[in-house]
Amino acid sequence: MSEAARKLDYETIWGGEDELSVLTFNLNGETFAIEAIVVQEILDLLPETRVPGSKSFVSSVINFRGKVIPLADIRLAFGMDATETTIDSRIIVIELDLDDEATLIGIRTDKVNEVTTLPKLASEPPPSIGMRWRADYINCLVKRGGEFIIVPNLHAIFSSQNDRTGTAQAPN
């Protein structure tokens, strides 16, 4: 992704505002945040049904209010190791506009923290080098206290996981 495209993604996430309302959660010891507006519900873990032949990123589905929705483990998109679930593990159900269609997706997390606001002044686009993750999978990094909160680019993650047949693909 070019520096100009990364800067555009960074500006788009803020939508001209000085703050962003987010839900924070943990994956493998890292703190992530997604826009609160896309969050539909936070669930305790539910029974999962494995989908034969699917890729590891979205290898199962869950029943959410009578609808079958994919359950994603975005840590795999970031090249993290899968972890065992704990008493704190949760599923965040989000709604994204993918291919001009509202799509419900469950995201497995290690722990859900809080709904909070992040200030634009404390944020910056991801660096183009030196990152252990794909820069196009990150909208921005926000410094809070002594840590960075990662705001992932969910559209890039989920769009890149589909090939022409609609089956999930493992990230490069």
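Residues numbered from 1 in each chain as written. Predicted model: local features only at pLDDT ≥ 70, side-chain atom pairs only at ≥ 80, totals over all residues. Heavy atoms only, no water.

Caption draft 1: Representation of the sheet that holds strand E3 (residues 39-44) in the model. Spatial ordering of the open sheet is given by E3-E7-E8-E6-E5-E4, a layout of 6 strands whose pairing is mixed. A strand with exactly one partner marks an edge of an open sheet, and here the two such strands are E3 and strand E4 (49-50). Both strand E6 (residues 67-72) and strand E8 (residues 101-109) contribute to a ladder of 2 bridges, which runs parallel. Within E8, the position partnered with Ala72 by the bridge is Ile107. (Pairing = 2+ DSSP bridges. Helix = DSSP H or I, 4+ residues; strand = E, 2+ residues; numbered from the N terminus.)

Caption draft 2: Structural view of the pairing of strand E12 (residues 147-152). Of the strand pairs in this sheet, strand E2 (residues 30-35) and E12 are connected by 2 bridges, and their pairing is parallel. By the bridge assignment for E12, Thr31 is matched with Ile149. Once strand E11 (residues 138-144) ends, the chain turns through 2 residues before running back antiparallel as E12, passing Gly145 with a positive phi of about 65°.

Caption draft 3: Highlighting the pattern of salt bridges. Counted under the stated rule, the structure contains 8 salt bridges. Between Asp73 and Arg75 there is a salt bridge; the shortest N-O distance is 2.7 Å. A residue is classified by how much of its surface remains accessible, and Asp73, at 5% relative accessible area, is buried. Residue classification places Arg75 among the buried positions, given a relative accessible area of 1%. Residue Glu114 pairs with Arg144 through a salt bridge whose shortest N-O separation is 3.1 Å. Of the two residues, Glu114 sits in strand E9 (residues 111-119) while Arg144 sits in strand E11, which places them 30 residues apart along the sequence. Members of the salt-bridge network, linked through shared partners, are Glu48, Asp73, Arg75, Arg108 and Asp110. (Salt bridge = Lys/Arg side-chain N within 4 Å of Asp/Glu carboxyl O. Buried < 20%, exposed > 50% of the residue type's maximum accessible area, 1.4 Å probe, protein only.)

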